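# An overview of the molecular structure
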Number of protein chains: 2
Amino acid sequence: MVRQKLNIITLGVKDLEKALEFYEHGLGWKRSVASQGDIVFFPLGGIILALYPRHLLAEDITINDDGKGFAGITLAINTKSETETDDILTLVQSLGATILKPAQKVFWGGYSGYFKDLDGHIFEVAFNPFVQFDDNDNLIM
Amino acid sequence: MVRQKLNIITLGVKDLEKALEFYEHGLGWKRSVASQGDIVFFPLGGIILALYPRHLLAEDITINDDGKGFAGITLAINTKSETETDDILTLVQSLGATILKPAQKVFWGGYSGYFKDLDGHIFEVAFNPFVQFDDNDNLIM
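Residues numbered from 1 in each chain as written. Chains lettered and ligands numbered in written order. Predicted model: local features only at pLDDT ≥ 70, side-chain atom pairs only at ≥ 80, totals over all residues.

### Remarks on the overall build of chain A
- For chain A, the helix and strand inventory stands at three helices and seven strands.
- Traced from its N-terminal end to its C-terminal end, chain A shows the element sequence β-α-β-β-α-β-α-β-β-β.
- Taking the principal axes of its C-alpha atoms as reference, chain A extends roughly 45 × 40 × 25 Å.
- Residues counted as buried form 39% of the 141 residues belonging to chain A.
- Considering only contacts in chain A between residues 6 or more positions apart, those separated by 24 or more positions represent 51%. (Helix = DSSP H or I, 4+ residues; strand = E, 2+ residues; numbered from the N terminus. Buried ≥ 20, exposed ≤ 12 C-beta atoms within 10 Å, placed from the backbone. Contact = placed C-beta atoms within 7 Å.)

Have a look at this one:
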């Protein structure tokens, strides 16, 4: 059993400034103060939309962005421990998902892995020790 | 200004039964009673994950699923009127988005259109007269 929750939708973008013109200035969406550097977060109430340079997203997943197959979008399940991350990746692999990046310590201080489901949709399973959850398992951002 | 909200993530799937083996039986996620026919909804708290046959999703967007460019995933903004749908599509077009399907009456009884953002991510903007929103603008499902 996996908590019935997704925490972050990440859109890979070619030009972050142009994407911000669209989402932040154009739609009028307010960024989270947790935004930093190349990543900008928009809390949507129950899930967070993140904008992140597409080549860095591909690099984080450890796949080639060669125009074939990488949709440039990921869905993140945020876990509450490294063990939960491991358990989910083990489960989804047993269900036929493909592990794209085994769970590991990552540069931003968390512990994360990626899988793709039976249809190639890419999910990150991440433990971030710097975030907190509210009572509805939403990330507080 | 557009309400800072996304309501539905739709994953196009090649084989709905296999996808249900993964999400419903494998992960243990509970479907909404609003699921019917070829579409299955999983409420995630703040957003809904939908599984829908990929070829029907492409057909709904009115694009070819020729292996080039269609990521097989859409994000939906649910509006509260046909006018709001029109207004959002007009706004995003003025911001450089591409209208894939002008807003129109659709087979399930709603009024919907599709656009892609500057990076090709596909959004539906839909008024569904049969759904209600809670106080946080979440669809009640």
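So that's the structure; there's more coming.
### Some points on helix H2 (residues 54-61) of chain A
Residues and elements named next belong to chain A.
- For H2, the full list of buried residues reads Arg-54, Leu-57 and Ile-61. With its buried residues spanning 60° around the axis, H2 presents them on a single face.
- Looking at the packing, one finds that the buried side of H2 touches strand S1 (8-13), strand S3 (48-53), strand S4 (73-79), strand S5 (98-105), strand S6 (111-116) and strand S7 (122-127).
- Where H2 terminates, the next one or two residues include Thr-62, which has phi positive at roughly 70°. (Arc of directions from axis to C-beta.)

### Points about the nonpolar core
- Counting residues in each nonpolar core, the largest one holds 74 residues, and the members touching the most others are A:Ile9, A:Ile48, A:Ala50, B:Ile9, B:Ile48 and B:Ala50.
- Setting aside chain neighbours within four positions, we find A:Ala50 in contact with A:Ile8, A:Ile9, A:Thr10, A:Ile39, A:Val40 and A:Phe41. (Core = buried A, V, L, I, M, F, W, Y, C linked by C-beta atoms within 7 Å.)

### Section: the interface of chain A and chain B
- At the interface, 38 residues of chain A touch 38 residues of chain B.
- Of all the secondary structure elements, the ones that give two or more residues to the side of chain A that touches chain B are S1, helix H1 (16-26) and S4 of chain A.
- Looking at the side of chain A that touches chain B, its residues break down into 19 nonpolar, eleven polar and eight charged. (Nonpolar A, V, L, I, M, F, W, Y, C, P; charged D, E, K, R; others polar.)

### Here's the deal with unusual backbone geometry
- If you check the backbone angles, A:Asp137 has positive phi at about 65° while not being a glycine.
- Among the structural elements, A:Asp137 can be located in the segment after S7.

### Topic: the confidence of the model for chain A
- Put simply, chain A has an average pLDDT of 96, and 100% of its residues get 70 or more.
- In the model output, the complex is listed with pTM 0.96 alongside ipTM 0.96. (pLDDT = per-residue confidence, 0-100.)

### Details of the relation of the copies chain A and chain B
- In the superposition of chain A on chain B (RMSD 0.0 Å, axial shift 0.0 Å), the rotation amounts to 180°. In symmetry terms, the pair is related by a two-fold rotation axis. Closest to the rotation axis within chain A is the C-alpha of A:Gly46, separated from it by 2.0 Å. (Least-squares fit on C-alpha atoms with pLDDT ≥ 70 in both.)

### Remarks on the sheet that holds strand S5 (residues 98-105) of chain B
Residues and elements named next belong to chain B.
- In spatial order, the strands read S2-S3-S1-S4-S7-S6-S5; together these seven strands make up an open sheet with mixed pairing. Both outer strands of the open sheet, strand S2 (40-43) and S5, are each paired with one neighbouring strand and no more. Going from strand to strand, the sheet's axes swing by 20° on average, the running direction of each strand aside.
- The sheet contact formed by strand S1 (residues 8-13) and strand S4 (residues 73-79) spans four bridges and is antiparallel. Residue pairing for S4: Thr-10 is matched across the bridge by Thr-74. (Pairing = 2+ DSSP bridges. Axes fitted to C-alpha atoms, helices over the stretch in contact; angles between N-to-C directions.)

### As for the pairing of S6(A)
Residues and elements named next belong to chain A.
- The buried fraction of S6 is high, at five of six residues.
- Judged from the five bridges that link them, S5 and S6 form a sheet pairing that is antiparallel. In the sheet register, Gln-104 faces S6, and the bridge partner there is Ser-112.
- In this sheet, S7 lies alongside S6 in antiparallel orientation, the contact comprising six bridges. Considered in S7, the bridge of Tyr-111 is made with Phe-127.
- The antiparallel hairpin formed by S6 and S7 contains five residues in its connecting segment, where Gly-120 sits at a positive phi of about 90°.

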